Amino acid sequence: MRERVAYVVSMLLFVLPAFVQSGSTAFGSIRGDLFTKGTNGEPAFSPGVLIVLHGANTRDTESDAQGTFAVDGLPQGTYEIETNAPGLYAALAVEDSGDTSSTVSVEMNLAAVTSTTSPQPTRLEAMDCAFSRKVHHA
């Protein structure tokens, strides 16, 4: 009898992890389009933009000629979509359920200024100003 109990317990130790893991192997996808607002307020699609998804896995792709993108094979979780193009930026959080396709529209806006200039002239600029002064006597 003890042998049968030991056999059943050992089988459960090997079989139960397989059942637990089988529920978490579903992969989903995130699809969408990138656009900016044109001068007339209409959406203008953005082709060739780098798109990076940060989350359980970090993945990147590029938008196609129509401004659309797709990233497949994503495990369940929350992903932050980050896009960068010259002068434009967008960030958006998306929940991927793991077994479906999430569809998003990402509007890119003007990027924030990330550097500043000092009002103080550099040493070279100050020297140039000092040597370019001419004194006129009347």
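Since we're looking at a predicted model, the values are computed, not measured.

**Some remarks on the overall build of the protein chain**
Within the protein chain, the secondary structure is distributed over two helices and nine strands. When the helices and strands of the protein chain are listed from N to C terminus, the series reads α-β-β-β-β-β-β-β-β-β-α. Per-residue burial for the protein chain yields a buried fraction of 22% across its 138 residues. Of all intrachain contacts in the protein chain linking residues separated by at least 6 positions in sequence, the fraction that spans at least 24 positions is 47%. Carbon and sulfur atoms make up 58% of the accessible area of the protein chain, which amounts to about 10,400 Å² in all.

**Regarding the pairing of strand S6 (residues 77-85)**
Along any regular strand the residues' side chains alternate between the sheet's two faces. Bridge analysis of strand S3 (residues 50-54) against S6 gives five bridges, and the strand direction is antiparallel. Each bridged residue has a counterpart across the sheet, and for Val52 the counterpart in S6 is Glu82. Two strands pair when backbone bridges link them, and S6 and strand S7 (residues 88-96) are joined in this way by nine bridges, in the antiparallel orientation. Bridge pairing in S7 links Glu80 to Ala93. Here S6 hands over to S7 after two residues, with Gly87 in that stretch at a positive phi of 80 degrees.

**Considerations on the pairing of strand S1 (residues 27-37)**
Where burial is concerned, most of S1 is hidden: eight out of the 11 residues are buried. Bridge count for S1 against strand S5 (residues 68-75) is six bridges, and the pairing is antiparallel. Paired with Ile30 across the bridge in S5 is Val71. Looking at chain direction, S1 and strand S2 (residues 43-45) are connected through three bridges and run antiparallel. The residue bridging Phe35 from the neighbouring strand is Phe45, located in S2. Counted along the chain from S1 to the antiparallel partner S2, the turn is five residues long, and its residue Gly41 has a positive phi close to 90 degrees.

**Description of the sheet that holds S3**
In spatial order, the strands read S4-S3-S6-S7-S9; together these five strands make up an open sheet with antiparallel pairing. Of all the strands in the sheet, the pair left with one neighbour each is strand S4 (59-62) and strand S9 (109-110). Relative to S4, S3 is paired through four bridges, and the arrangement is antiparallel. Residue pairing across strands places Leu53 opposite Arg59, the latter belonging to S4.

Reading the values: rules and limits
Per chain, residue numbering runs from 1 following the sequence as it is written. Note on the predicted model: pLDDT of at least 70 is required for a residue's local features to be given, and 80 or more for side-chain atom pairs to be given and counted; whole-chain, interface and lining totals, by contrast, use all residues. With hydrogens and water excluded, all non-hydrogen atoms of the structure serve as input to the side-chain values. Secondary structure elements follow DSSP: runs of H or I no shorter than four residues count as helices, runs of E no shorter than two count as strands, and numbering proceeds from the N terminus. Using a 1.4 Å probe on the protein chains alone, a residue whose accessible area is under 20% of its type maximum counts as buried, one over 50% counts as exposed, and one in between counts as partly exposed. The contact criterion used is simple: two residues touch if any of their non-hydrogen atoms lie within 4.5 Å. Residue burial considers only the protein chains on display, and all accessible areas are found by Shrake-Rupley using a 1.4 Å probe. One bridge is not enough; two strands pair if DSSP finds at least two bridges between them.

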